[in-house]
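Close look at the chain arrangement
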Amino acid sequence: LGARLHGALSQLSRAPVVDDQVLDALLKELTAALLESDVNVKLVASLRNKVKTKVKKSLEESAAAGGREVNRKNVVQKAVFDELVALVDPGVEPYKPIKGKANVLMAVGIQGAGKTTTCTKLAVHYQRRGFRTCLVCADTFRAGAFDQLKQNATKAKIPFYGSYTETDPVAIASLGVEKFRKERFEVIIVDTSGRHKQESELFEEMVAISNAVKPDMTIMVLDASIGQAAEGQSRAFKDSADFGAIIVTKLDGHAKGGGAISAVAATKTPIIFLGTGEHMNDLERFAPQPFVSKLLGMGDMQGLMEHMQDMARANPERQKEMAKKLEQGKFSLRDWREQLSSIMNMRLTYRGSLSKIASMIPGLPAGVMDGSEEEATMKMKRLMFITDAMRQDELDSDGLIFFSFDKAGHPVGLNRRARRVARGSGTSLREVEELLAQARMMAGMARQAGGQNGWCVSHLFHP
Ligand code: GDP
Ligand code: MG
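Summary of the structure given here. Note that the structure is predicted; figures quoted are calculated from it, not measured. (Residues numbered from 1 in each chain as written. Chains lettered and ligands numbered in written order. Predicted model: local features only at pLDDT ≥ 70, side-chain atom pairs only at ≥ 80, totals over all residues. Heavy atoms only, no water.)

**Description of the pairing of strand β6 (residues 245-249)**
Of all 5 residues that make up β6, 5 are buried, and the element is covered over most of its length. Covered by surrounding structure in β6 are Ala-245, Ile-247 and Thr-249 together with Ile-246 and Val-248, the residues of both alternating faces. The pairing of strand β5 (residues 217-223) with β6 spans 5 bridges and is classified as parallel. By the bridge assignment for β6, Met-220 is matched with Ile-246. Of the crossover connections in this fold, the one passing from β5 over helix α9 (residues 229-240) to the parallel β6 is right-handed. Examined bridge by bridge, β6 and strand β7 (residues 271-275) share 3 bridges and lie parallel to one another. Its bridge partner lying in β7, Val-248 is registered against Leu-274. (Buried < 20%, exposed > 50% of the residue type's maximum accessible area, 1.4 Å probe, protein only. Helix = DSSP H or I, 4+ residues; strand = E, 2+ residues; numbered from the N terminus. Pairing = 2+ DSSP bridges. Right-handed = clockwise from strand over helix to strand, strands pointing away.)

**Focus on the environment of Thr-133**
Here Thr-133 shows up in strand β2 (residues 133-138). With 52 residues separating them along the chain, Thr-133 and Phe-185 place their C-alpha atoms 6.0 Å apart. One polar contact links the side chain of Thr-133 to the main-chain amide nitrogen of Gln-127, over a distance of 3.5 Å. Within the structure, Thr-133 has its side chain in polar contact with the backbone oxygen of Phe-131 (distance 3.0 Å). (Polar contact = N/O pair within 3.5 Å; in protein donor to acceptor, adjacent residues only side chain to side chain.)

**A few points about the nonpolar core**
Judged by nonpolar contacts, the single largest core of 86 residues is most densely connected at Ile-188, Val-190 and Phe-237. A per-element tally of this core places helix α4 (residues 72-88) first, with 9 residues. Viewed by domain, this core spans two of them, domain 1 (2-88) and domain 2 (103-295), each represented by three or more residues. Leaving out residues up to four positions away in the same chain, Phe-237 has contacts with Val-108, Gly-109, Ile-110, Leu-202, Phe-203, Met-206, Met-220, Asp-242 and Phe-243. (Core = buried A, V, L, I, M, F, W, Y, C linked by side-chain atoms within 4.5 Å. Domains from an automatic or database assignment. Contact = heavy atoms within 4.5 Å.)

**Observations concerning the packing of helix α5 (residues 115-128) against helix α6 (residues 145-155)**
The N-to-C vectors of α5 and α6 enclose an angle of 25 degrees; their axes lie 10 Å apart at closest approach. By the angle between their axes, α5 is roughly parallel relative to α6. Read as a crossing pair, α5 and α6 show a hand that is right-handed. Only Gln-148, Leu-149 and Asn-152 of α6 make contact with α5, whose side of the interface consists of Thr-116, Thr-117 and Thr-120. For the contact of α5 with α6, the class distribution of residues is 1 nonpolar, 5 polar and no charged. (Axes fitted to C-alpha atoms, helices over the stretch in contact; angles between N-to-C directions. Parallel < 35°, antiparallel > 145°, perpendicular 65-115°, else oblique. Left-handed = near helix turned anticlockwise from the far one by under 90°. Nonpolar A, V, L, I, M, F, W, Y, C, P; charged D, E, K, R; others polar.)

Written out as structure tokens, the structure is:
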């Protein structure tokens, strides 16, 4: 989805004027991309109409105001962005565990969705954030379920509870939660079974466990790869085990996220995390705006910030400095170069491919690092060559030094300095332009991120 949408949007930004024809072409591509990624047909149709209406209205309003020509591309891009955000944002705040009390979380979902794996990931997540965290295995249906949880928990050094002999999941859940409550644990995560057949029995079991442990938050674990089926499945679960949050798993690999988007829309329930791999660190916090901006190739500022905080443990001094710069909104090309090189290093110190790490970096469009690891590395190296060809004063600038301006102060194109850098680095002017756009986006986001609640996208569209 990301690559296709990004393609459509960059086509848009290459078009000299945005007329009805260009808009229609974009909407067509947008529709196709959403359908292809398993978003529900009705949702897609309504999104398409909303974007169209919004764009028309914006353009009419600005024409009526008689003010200066608005940037039509920005209007379209913003409309697409806002509508996609609305699609994944039901406007409901998920439960947030509170320190100093017992917060009971319960995972539900069909077998194989990734519940047990996700429970461990969640436990690790909350433990890292200072909660006393533990796991309860209430899956007595699947052979080896307790062993699996035990193994995960042991590896992650998380206390756990379960039984080889007790066959009543409700009894185990109650005993486990009770025990951990007494021991003053703060996040108690209950893993349940999820069979394929006997659905009504499964639902009865879930309700019984839920009544026994009274979870503060029930989480539906949803496998992204089930596509269109996600909508029906989530509705069925919502009706019996009313969940307050969704975690979408297996968004690594080739899963299409559209089913998950439809599930959110169908159940008006927020996604809280995404599972992006089998390892216990492969959990990403979900937030509508960064999710969509990533989808549209604008990077994930919040994800990056969190990632850098994690990195701070490995390399405290430099990373802290960088995070501070970001917070203060001071961001030069030199900083961008440092980011690029730290991405290269992260790959060595941090488990994960270059494309995965790069996908978190604002300004690196989704899909840019797709392809083989070698291709991604090459692309990254070329970006570094460009910064290597810059002079000191250029590196210390925000990049505007490479542009020529019209009388009104709007950048109209790259100047001789930029051409010199392209020549000197053996790259193209287009690549230089891309890099500058990335750095500029990063700087813009950094400024916005100065506030507590992350960044605001409007800045990107109305710089
Ligand atoms: P459960 O039956 O719902 O408890 O599912 P499990 O936690 O046992 O997971 C089923 C399979 O999916 C296991 O092989 C997991 O390693 C795998 N899995 C879970 N989450 C993810 C994910 O985010 N990405 C990938 N690639 N695999 C996952
Ligand atoms: Mg399981």
